[in-house]
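Here is how the chains run, residue by residue.
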Amino acid sequence: SAVISQKPSRDICQRGTSLTIQCQVDSQVTMMFWYRQQPGQSLTLIATANQGSEATYESGFVIDKFPISRPNLTFSTLTVSNMSPEDSSIYLCSVNNPGQGAGYTFGSGTRLTVV
Amino acid sequence: GQNIDQPTEMTATEGAIVQINCTYQTSGFNGLFWYQQHAGEAPTFLSYNVLDGLEEKGRFSSFLSRSKGYSYLLLKELQMKDSASYLCAVPSGNTPLVFGKGTRLSVIA
């Protein structure tokens, strides 16, 4: 299975600022996925990051708020822009391992607190 | 789209067996995943079912009935470390997973 290095693991940020989260994968993958997990909730897909094209956002998420970069097949970033306390969540990146049923691997997550 | 339903919380006793159910509705079935997530950690892959029947993997087993849109995760010989959230998930088409709300399992002595 792929191994993902995600950073930062946690941060406390002031409202109105932005934070960029990075995910590095140890193998080339076509798509990377970004999820948000609000306190006590399950995972909600934010967007799919495609290499060489714009990210595909889910309903309720927009590029201006969550810009995504995907410069190559092993790396992606998610920026949480103009943060408010409602953005306090865990953010996770994920990739689909090759082979049916191999499962999706997740990064270790970024715990964001906005004050 | 996908609609996934599972119980919010369950409590079971150490050494016992617990079954966590998941029902789903999806346009085009491409398998069902179960993940375990301990508090403050990322989800970890437990199982994948694409055909009907029971898949056994040590203390954990997962069952699927495609005609009923139903799956369950069976945990045997429960241990305290099994206290976690268990997430049922189905792929959206060929790609990203859509998760149920998760079942928070508490194992008590």
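One can find the structure itself at the top, above this paragraph.
What counts as what
Residues numbered from 1 in each chain as written. Chains lettered and ligands numbered in written order. Predicted model: local features only at pLDDT ≥ 70, side-chain atom pairs only at ≥ 80, totals over all residues. Heavy atoms only, no water. Salt bridge = Lys/Arg side-chain N within 4 Å of Asp/Glu carboxyl O. Helix = DSSP H or I, 4+ residues; strand = E, 2+ residues; numbered from the N terminus. Buried < 20%, exposed > 50% of the residue type's maximum accessible area, 1.4 Å probe, protein only. Disulfide = S-S within 2.5 Å.

In this section: the pattern of salt bridges. Two side chains with opposite charge may pair up if their charged atoms get near one another. All names here are of chain B. Inspection of the entire model under this criterion finds 5 salt bridges over all chains. Of the charged contacts, one joins Arg104 and Glu9 as a salt bridge, the two residues approaching to 3.3 Å between their closest N and O atoms. Of this pair, Arg104 sits in strand β11 (residues 103–108) while Glu9 sits in strand β2 (residues 9–13), and the two are 95 residues apart along the sequence. Of the residues examined, Arg104 reaches a relative accessible area of 37% and is grouped as partly exposed.

It is worth spelling out the state of the cysteines at this point. Under the definition given, this model contains 2 disulfides over all chains. Across a sulfur-sulfur distance of 1.8 Å, Cys23 of chain A and Cys93 of chain A are joined as a disulfide pair. Here the S-S torsion is close to -90 degrees, and the disulfide linking Cys23 of chain A with Cys93 of chain A is therefore left-handed. Here Cys93 of chain A lies in strand β9 (residues 89–96) and Cys23 of chain A lies in strand β3 (residues 19–25), a separation of 70 residues in the sequence. The exposure classification of Cys23 of chain A matches that of Cys93 of chain A, with both residues buried. The disulfide partner of Cys22 of chain B is Cys88 of chain B, and the S-S distance across this bridge is 2.0 Å. Here the S-S torsion is close to -70 degrees, and the disulfide linking Cys22 of chain B with Cys88 of chain B is therefore left-handed. A residue pair is termed long-range when its members are at least 10 positions apart, and Cys22 of chain B in strand β3 (residues 18–25) and Cys88 of chain B in strand β9 (residues 84–91) qualify at 66 residues. When its relative accessible area of 0% is taken as the criterion, Cys22 of chain B is described as buried. The exposure class of Cys88 of chain B is buried, given its relative accessible area of 0%.

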